[in-house]
Amino acid sequence: MTPILLIWLGLVGLGLLGVLLYWELVIAEGAHLGPRVVVPLYDRIAHRYDADVKKFDPQTESEILGLPLATELVAVNAPRVLDVACGTGRTARALLREVAFDGTIVSADLGRRMLMVGRATCAPWPGRVAWVQAAACPLPFPADAFDCVTCLEALEFLPDPRAALAECVRVLKPGGLLVITNRIGWQAHLLFGKTFSAAALRRLLADLGLEHIRLEAWTTDYDLAWARKSWISRD
Ligand SMILES: C[S@@+](CC[C@H](N)C(=O)[O-])C[C@H]1O[C@@H](n2cnc3c(N)ncnc32)[C@H](O)[C@@H]1O
């Protein structure tokens, strides 16, 4: 092999490695590399996650999250909500801004800095949110403990989205509400094994004992799925 050919092969190899790293670290945000990579990536940007990365604004958050969720929970007296992989607590904030919501939220995430930002932004509602540093799977809560479990914009970053969903269902009370996102769009196709077709997600939720499954278009990157845990025990 000539030196020129060797140099070319080396350059092509480096290029491919660059593309692979860009795909995994930038597009997939470390999704296939596990929490040791994903969680520090989010923690590094925790202080600018809400304003710069996600550009959350209270009005939109109320329209797409707070109001529909509070409305679904209005029949439950002081509902207990668990937000899995809560990040900076957008679900807690969206719910607490709604006057119809009289419950409490347990916000769980592995990212210490994401939780710190969340705790600070929820300071106006003392005693309404508990912040727990915990993995999504297994969840450190007993079975049938929550009236509602949410997991938003996070399933695709968890090591095993199916197992994480099973955990969400385990800690949900019979009749309780599950609300999750499923990544869509071109990037979803690059998150191999981490996202679901609508049909596969419906099947999975039904297999986990959920009923009244409803999928809706939510944002450009995510569909939202709503479902209720069956009253009939599967044990
Ligand atoms: C894109 S953020 C979503 C945060 C929030 N749910 C939202 O909608 O803004 C993904 C979050 O998942 C968390 N995360 C990643 N892997 C996790 C794991 N295995 N267990 C718990 N949290 C995890 C990260 O720390 C990060 O806060």
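Conventions used here
Residues numbered from 1 in each chain as written. Predicted model: local features only at pLDDT ≥ 70, side-chain atom pairs only at ≥ 80, totals over all residues. Heavy atoms only, no water. Helix = DSSP H or I, 4+ residues; strand = E, 2+ residues; numbered from the N terminus. Rg over C-alpha atoms; globule rule 2.2 N^0.38 Å. Buried < 20%, exposed > 50% of the residue type's maximum accessible area, 1.4 Å probe, protein only. Contact = heavy atoms within 4.5 Å. Areas by Shrake-Rupley, 256 points an atom, 1.4 Å probe, with all protein chains shown as cover. Lys, Arg positive; Asp, Glu negative; His and termini not counted. Charge placed at Lys NZ, Arg CZ, Asp CG, Glu CD. Arc of directions from axis to C-beta. Pairing = 2+ DSSP bridges. Right-handed = clockwise from strand over helix to strand, strands pointing away. Axes fitted to C-alpha atoms, helices over the stretch in contact; angles between N-to-C directions. Nonpolar A, V, L, I, M, F, W, Y, C, P; charged D, E, K, R; others polar. Core = buried A, V, L, I, M, F, W, Y, C linked by side-chain atoms within 4.5 Å. Parallel < 35°, antiparallel > 145°, perpendicular 65-115°, else oblique. Salt bridge = Lys/Arg side-chain N within 4 Å of Asp/Glu carboxyl O.

Draft legend 1. Examining the overall build of the chain more closely. Across its full length, the chain carries eight helices and seven strands. For the chain, the C-alpha radius of gyration of 20 Å lies close to 18 Å, the compact-globule estimate for 235 residues. Overall size of the chain, expressed as C-alpha extent along the three principal axes, is 75 × 40 × 30 Å. Across the 235 residues of the chain, 45% fall into the buried class. Counting only contacts in the chain whose residues sit at least 6 apart along the sequence, the fraction spanning at least 24 positions is 72%. When the accessible surface of the chain is split by element, carbon and sulfur atoms take 63% of a total near 12,000 Å². Of the side chains in the chain, 24 bear a positive and 25 a negative charge, and the two mean positions are spaced by 4 Å.

Draft legend 2. Geometry of helix α8 (residues 198-207). Every buried residue belonging to α8 is among Leu-201, Leu-204 and Leu-205, and all of these are buried. Along the axis of α8, the buried residues cluster in a sector spanning 95°; they form a single face. Of the exposed residues in α8, those oriented more than 90 degrees away from the buried face are Arg-203 and Asp-207. In this fold, the buried residues of α8 make contact with α7 (161-170), β5 (172-183), β6 (210-217) and β7 (222-229). One or two residues past the end of α8 sits Gly-209, with phi positive at roughly 90°.

Draft legend 3. The arrangement of the pairing of β5 in detail. Most of β5 is tucked away, with 10 of its 12 residues classed as buried. Sheet topology places strand β4 (residues 146-151) next to β5; five bridges connect them, and they run parallel. Looking at β5, one finds that Val-149 is bridged to Leu-178. A crossover connection joins β4 to the parallel β5 through α7; in handedness this β-α-β unit is right-handed.

Draft legend 4. Geometry of the packing of helix α3 (residues 46-53) against helix α6 (residues 112-121). Relative orientation of the contacting elements α3 and α6 amounts to 65°, with a least axis distance of 7 Å. Of α6, the residues touching α3 (which contributes Ala-46, His-47, Tyr-49 and Asp-50) are Arg-113, Met-114, Val-117 and Thr-121. Split by residue class, the contact of α3 with α6 holds four nonpolar, two polar and two charged.

Draft legend 5. Local environment of the nonpolar core. Of all hydrophobic cores here, the largest spans 36 residues; its most connected members are Leu-69, Phe-101 and Ile-105. No other element matches helix α5 (residues 90-96), which puts four residues into this core. For Ile-105, the contacting residues outside a window of four places in its chain are Val-81, Asp-83, Ala-92, Leu-95, Leu-96, Arg-128, Val-129 and Ala-130.

Draft legend 6. Representation of the packing of helix α2 (residues 35-44) against α3. Between α2 and α3, the least distance of the axes is 5 Å, while the angle of their chain directions is 70°. By the angle class used here, α2 and α3 are roughly perpendicular. Together, Tyr-42, Asp-43 and Arg-44 of α2 and Ala-46, His-47 and Tyr-49 of α3 make up the contact between the two elements. For the contact of α2 with α3, the per-class residue count stands at three nonpolar, one polar and two charged.

Draft legend 7. Broad picture of the pattern of salt bridges. Applying the stated rule across the entire model yields 11 salt bridges. The salt bridge partner of Arg-170 is Glu-167, with a shortest N-O separation of 2.8 Å. Placement of the pair is Arg-170 and Glu-167 together in helix α7, with a separation of three residues, close to one helical turn.

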